[in-house]
Amino acid sequence: MQDILNTITTEIYRQDDWGQVAQYIPELTSVDPRQFAISVCLADGQTFSAGAADKPFSIQSVSKVFTLVATLGRVGDQLWSRVGREPSGTSFDSVILLEREQGRPRNPFVNAGAIVTTDALLSGRVPKLALAEVLGLIRQMASSDEIYINDAVAASEQATGSRNTAIAHYLKSHGNLQNAPDLTLGTYFHQCAIEMTTTQLAMAGRSLAGLKHAPRVISQQHARRVNALMMTCGHYDGSGDFAFQVGLPGKSGVGGGILIIAPNVASIGIWSPGLNGYGNSHAGTRAASMLTKAVNWSVF
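Report on the accompanying structure. (Residues numbered from 1 in each chain as written. Predicted model: local features only at pLDDT ≥ 70, side-chain atom pairs only at ≥ 80, totals over all residues. Heavy atoms only, no water.)

Another aspect to go through is the environment of Leu-122. By the secondary structure assignment, Leu-122 is in helix 5 (residues 111–122). The spatial distance from the C-alpha of Leu-122 to the C-alpha of Asp-93 is 21 Å, given a sequence separation of 29 residues. When neighbours within four sequence positions are excluded, Leu-122 is seen to be in contact with Pro-127, Ala-130, Asn-179, Leu-183, Thr-184 and Thr-187. (Helix = DSSP H or I, 4+ residues; strand = E, 2+ residues; numbered from the N terminus. Contact = heavy atoms within 4.5 Å.)

Structure follows, in structure tokens:
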């Protein structure tokens with residue numbers, strides 16, 4: 001496995017094709033796109049890494065997976081009365097389907113669905129407690145206390161989050177937001193500003209992969225459902241292509257991170273901050289395809 005990861009890392013740097021970093025979050029625009037890291041946790045407990053695997057990065061929408069896990073643990077299947085489970089076929093911040101479908105987001109991984117999921121987790125509590133629950137869950141899943149929220153990134157997102165603010169108010173107008181939009185959005189922006197390394201991210205995916213040494217923080221039924229949503233919706237309007245190229249459930253973030261699950265086999269964390277046209281890691285997606293082809297992992 002180490003030789004495979006080293007070969008992938010060498011090839012990614014050789015290709016020198018990185019994409020562009022996210023432009024709408026000022027704190028992320030200065031990140032050098034020419035960076036790469038990959039980590040793999042196997043079922044036997046071994047972890048292998050290559051590249052900048054110990055460098056923290058902003059996980060952004062990868063956090064939606066962990067918030068979904070926390071919310072399912074708190075409210076269970078009641079969440080699905082407010083959020084759908086279908087691919088959107090649109091960009092992550094689109095409002096087109098939200099208007100057409102009366103304020104019920106297609107899935108919990110588009111921004112509208114993630115805001116509703118965060119709202120459900122927040123309900124009846126102050127944002128600090130909801131964030132503490134998400135952060136505590138991630139630390140437990142990753143077996144690491146060295147995971148934090150970057151307040152500068154959160155403030156940057158809040159200052160430029162007009163589109164998400166519009167989405168939240170539209171949800172509120174349809175009765176699908178229980179808290180004040182500013183409270184829910186503040187919680188959402190801070191959860192997206194969590195920073196992790198690929199090693200920590202791969203470790204955090206063990207519970208979803210059902211690996212032997214993983215913390216038992218999610219039921220098998222909920223893990224299967226989260227993985228199914230990652231497969232069909234985890235890369236927005238690029239989800240079909242990711243499934244075609246990689247063949248495993250994955251969740252991307254505009255910070256360049258990707259969490260990938262090989263059920264009962266492995267958990268994978270990848271990071272390269274340059275993005276493709278869908279807003280997913282450009283080099284990271286290629287690396288994921290290289291890995292699954294090299295080891296013949298697929299749910300198909």
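Moving on, we come to the state of the cysteines. Enumeration over the complete set of coordinates arrives at zero disulfides. Sulfur of Cys-192: no disulfide; nearest cysteine sulfur belongs to Cys-233 and is 17 Å away. Since its relative accessible area comes to 2%, Cys-192 is described here as buried. (Disulfide = S-S within 2.5 Å. Buried < 20%, exposed > 50% of the residue type's maximum accessible area, 1.4 Å probe, protein only.)

Right, let's get into the sheet that holds strand 4 (residues 148–149). Read across the open sheet, the three strands follow the order 3-5-4; overall the sheet is antiparallel. Each edge of the sheet is formed by a strand with only one pairing partner; in this case those strands are strand 3 (57–58) and strand 4. (Pairing = 2+ DSSP bridges.)

A few words now on unusual backbone geometry. Phi is mostly negative for residues that are not glycine, and the peptide bonds are mostly trans. Residue Gln-102 is not a glycine yet carries a positive backbone phi of 60°. For Gln-102, the position within the fold is in the loop between helix 4 (96–100) and helix 5. A positive phi angle, close to 55°, is found at Ser-143, a residue other than glycine. As for its placement among the helices and strands, Ser-143 is situated in the loop between helix 6 (127–142) and strand 4.

We now examine the side chain of Thr-184. Here Thr-184 lies in helix 9 (residues 181–192). At a separation of 2.8 Å, a polar atom in the side chain of Thr-184 contacts the side chain of Asp-119. Not counting residues up to four positions away in its chain, the partners in contact with Thr-184 are Ile-115, Thr-118, Asp-119, Leu-122, Leu-177 and Asn-179. (Polar contact = N/O pair within 3.5 Å; in protein donor to acceptor, adjacent residues only side chain to side chain.)

Let us now look at empty space enclosed by the protein. If you walk through the whole model with that rule in mind, you get one cavity of 30 Å³ or more. Quantified by volume, the largest cavity comes out at close to 90 Å³. In terms of lining residues, the largest cavity is bounded by Ser-88, Thr-90, Ser-91, Phe-92, Asp-93, Ser-94, Leu-97, Leu-98, Pro-105, Arg-106, Val-110 and Ala-112. Residues belonging to the lining of the largest cavity are distributed by class as follows: six nonpolar, four polar and two charged. (1 Å grid on protein atoms, 1.4 Å probe; cavity = no way out; pocket = protein on both sides within 12 Å on 5 of 7 lines; lining within 4 Å. Points joined across faces, edges and corners; volume = space filled by probe spheres on them. Nonpolar A, V, L, I, M, F, W, Y, C, P; charged D, E, K, R; others polar.)

Remember that the coordinates give geometry; whether it matters functionally is a separate question.
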